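Each chain, letter by letter, is given below.
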Amino acid sequence: MKTKTGIPVIRSGQALQSLRDSGYSLAAALGEPVDNSLEAAANNIDLWLLEEEGANAKKRVHQIVIADDGRGMDPETLQHYLQLGFSTRYMSKKTIGKYGVGAKLAALNFGRRIEVWSRTRDNEGWLYVRFDLDEALAQEENGEEIFIEEPNQSTGPPELAEFFPRGSGTVVVWSKVDRLEEGRRAADANKLRVEVEKELSRIFRYFLSGGIRIAVNGTDLLPHDPLLLMEGTWADKVIEESLDGGKSEGKGKAKTTRPDHHYPGTVLGDETIEVGDAQARLRVTLYPKEVTRKRGLGGDKFAKALRVPENWGAISFIRLDREINYTNVPRLFPGGVEWQDRFVGIEVSFTPDHDEFFGVRNVKRGVEPHEEFRAEMSKRLKKLLQAARTQLEERWGAVQREDHDKDGEHAPVVEAAAEANRTLPKPRVKGPAPDEEKRILDDLATDVGRTNDAEKQVYLDRIKDQPFVVESVDFPGTNFIDLQHLNDKVIIRLNTRHRFYRELWEPVNEIAQRSAGAISPEQAVQAAKRTIEALTLLLIAYGKAESMHEDPQERYGELRSYWGQFLDSLMGKVKNIK
Ligand SMILES: Nc1ncnc2c1ncn2[C@@H]1O[C@H](COP(=O)(O)OP(=O)(O)OP(=O)(O)O)[C@@H](O)[C@H]1O
Ligand SMILES: [Mg+2]
């Protein structure tokens, strides 16, 4: 069949309905109008997530207001605000926005109606435009064409009056919000707001740090810098309060109060990466010792407050001072992401000239760096991450030697094993002479950090009747364990510098201490996989070590059969400790 007359290229209502699923998170969507406000030279940007009682009396966000005190729009621009594809900076290389779709797609991703008030002068009245998806669909259904009306004068509904700026500016309202029901995108309105605060404080950190005010429901955001280099940030505040112990006025200060102290990360690298005619800046930092503290704390409450766990394997991509991506990019980590990499800040910044090279998309989220760039970046990261990991090990080793925090780590299992040991065969060891034994125990106490005599005695009294002593200690070399046999006990030292400890023991131990809800299924699966790998490798390495002897069967046969037998009985008796 041949169409006789032309038809519109786009079936606007339906197309916009389909384009609702742009995959924005709420924070990323809000980033679009914030971008626009910044480009309109706003100094104050206020976001309001307005709640109403939803089904079963739970709160849900039904309307969102984004108000700025920027330049505002003249009538023509305001009318075009709602037009998909319209931009006053179309394909510009000097601005954050360039596609002419951000304001619309972001709004429709969450709501079914967009309303905008704007004025370019203090004493003018407000001009108003709106687009309603349901009205558009109905019109389309009736065969009518869909137009955006000319702006008209409107003061806005009284309940929104308090959000309007005094001078020039723009107020954008997303209403008929139907994509933020409980349980779908967000557990509850409160969590949703916290998540938005968290994301925006990082995405717009350069602007916040420069003095632009962005607030969510009346709370001014502090910048959050995952490199921990910027001053006056969220992290500075969290650290300051924790060092303060909540004693002084620090605690309970309004969220907006800037912290007085700065705890900067160490810059490990600040390099320019050039591939062809595209270039980017790569910066890598190691978190300060107030944050790294001692081994194994990367997931505790303090670390969470500092947003350390989400920094694990994450790279922050910055385009024109605005973050467009901060997610786990394991492919860029040479040899995979390691446990301690969460204490390493990584940032890549570039300008819109190189958008194509970084795979920037119209939603200005996510990056897909060019193959050659990825290779170059991996190469640089390899070196820098290695440096970071080494420094961290040294730092943690020193802290450990200082305060022997690993003392007692294995106590519950060791005590249970002592109990089980009562019915096992007795050892045949001819142990050292008494003064030699005393020296060995003394060294052990020192190794676990008991330096003064009183502390030493407490420790030695505790292990006195134990048939097994297991301690994690820091010792040089690649020995995995060190064994010493006394008349009545075996001392086993586990090397905390050994990869088996760092990559298996420590992370699994950390997970074991968490509550079940505090671990993602991915992390659990990853930990289980690494455990199986490590245990298999333990066997392989053992077999390989035996093979270094000419007659392994003769030499190790008895060892193997005892080992297997004791492991079996102990595992039968010791279970689910703590
Ligand atoms: N808060 C605002 N103040 C003044 N003008 C604005 C504001 N928000 C939007 N505009 C105008 O509306 C136009 C359309 O905004 P929109 O976000 O859809 O596109 P863009 O910012 O040009 O490009 P992108 O799709 O990359 O964001 C902008 O080009 C700008 O001229
Ligand atoms: Mg925009």
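Data block above holds the structure.
Keep in mind that what you see is a predicted model, and the values were worked out from it rather than measured. (Residues numbered from 1 in each chain as written. Chains lettered and ligands numbered in written order. Predicted model: local features only at pLDDT ≥ 70, side-chain atom pairs only at ≥ 80, totals over all residues. Heavy atoms only, no water.)

(A) Just the overall build of the chain, in detail. Of the regular secondary structure elements, the chain holds 18 helices and 16 strands. Dimensions of the chain along its principal axes, counting C-alpha atoms only, are 100 × 65 × 55 Å. By the burial criterion, 47% of the 578 residues in the chain qualify as buried. Put simply, 66% of the contacts in the chain that link residues at least 6 apart link residues at least 24 apart. Accessible surface computed for the chain: about 30,200 Å², of which carbon and sulfur atoms make up 52%. Computed over 84 positive and 95 negative side-chain charges, the separation of the two mean positions in the chain equals 2 Å. (Helix = DSSP H or I, 4+ residues; strand = E, 2+ residues; numbered from the N terminus. Buried < 20%, exposed > 50% of the residue type's maximum accessible area, 1.4 Å probe, protein only. Contact = heavy atoms within 4.5 Å. Areas by Shrake-Rupley, 256 points an atom, 1.4 Å probe, with all protein chains shown as cover. Lys, Arg positive; Asp, Glu negative; His and termini not counted. Charge placed at Lys NZ, Arg CZ, Asp CG, Glu CD.)

(B) Examining a nonpolar patch on the surface more closely. Residues Leu559, Trp563, Leu567 and Met571 make up a contiguous nonpolar surface patch of about 440 Å² in total accessible area. On the secondary structure map, leucine 559 appears in helix 18 (residues 552-573). By relative accessible area, which is 42% here, leucine 559 ends up partly exposed. (Patch = residues over 30% accessible without salt bridge, like charges linked within 9 Å, V, L, I, M, F, W, Y side chains within 5 Å. Salt bridge = Lys/Arg side-chain N within 4 Å of Asp/Glu carboxyl O.)

(C) Quick look at the sheet that holds strand 11 (residues 314-319). With respect to topology, five strands assemble into an open sheet ordered 9-10-13-11-12, the strand pairing being mixed. Because the sheet does not close on itself, it has two edges, and the strands there are strand 9 (266-275) and strand 12 (322-328). Between one strand and the next, the sheet's axes are offset by a mean angle of 20°, whatever the strand orientation. Bridging between strand 11 and strand 12 involves six bridges; their strand directions are antiparallel. Paired with arginine 319 across the two strands is arginine 322, which belongs to strand 12. (Pairing = 2+ DSSP bridges. Axes fitted to C-alpha atoms, helices over the stretch in contact; angles between N-to-C directions.)

(D) The arrangement of the site of ligand 1 in detail. For ligand 1, the set of nearby residues contains 23 residues, the closest of which are Ser87, Thr88, Lys98, Val101 and Gly102. Taking serine 87, its side chain carries an N or O atom lying 2.5 Å from an oxygen atom of ligand 1. Glycine 100 is positioned with one of its backbone polar atoms (N or O) 2.9 Å from an oxygen atom of ligand 1. A total of 590 Å² of accessible area belongs to ligand 1 in isolation, and the protein chains cover 97% of it. Secondary structure elements with two or more residues in the shell around ligand 1: helix 2 (26-39), helix 3 (75-81) and helix 4 (102-110). (Near = heavy atom within 4 Å. Polar contact = N/O pair within 3.5 Å; in protein donor to acceptor, adjacent residues only side chain to side chain.)

(E) Representation of the nonpolar core within the structure. In this structure, Trp174, Ile315, Phe317 and Met377 are the most contacted members of the largest nonpolar core, which totals 93 residues. Sequence-distant contacts of phenylalanine 317, that is, excluding residues within four places in its chain, are made with Arg322, Glu323, Ile324, Asn325, Val329, Leu332, Val348, Phe350, Phe358, Val367 and Pro369. Listed in part, the 13 residues of the second largest apolar core include Leu441, Val448, Val469 and Phe475. (Core = buried A, V, L, I, M, F, W, Y, C linked by side-chain atoms within 4.5 Å.)

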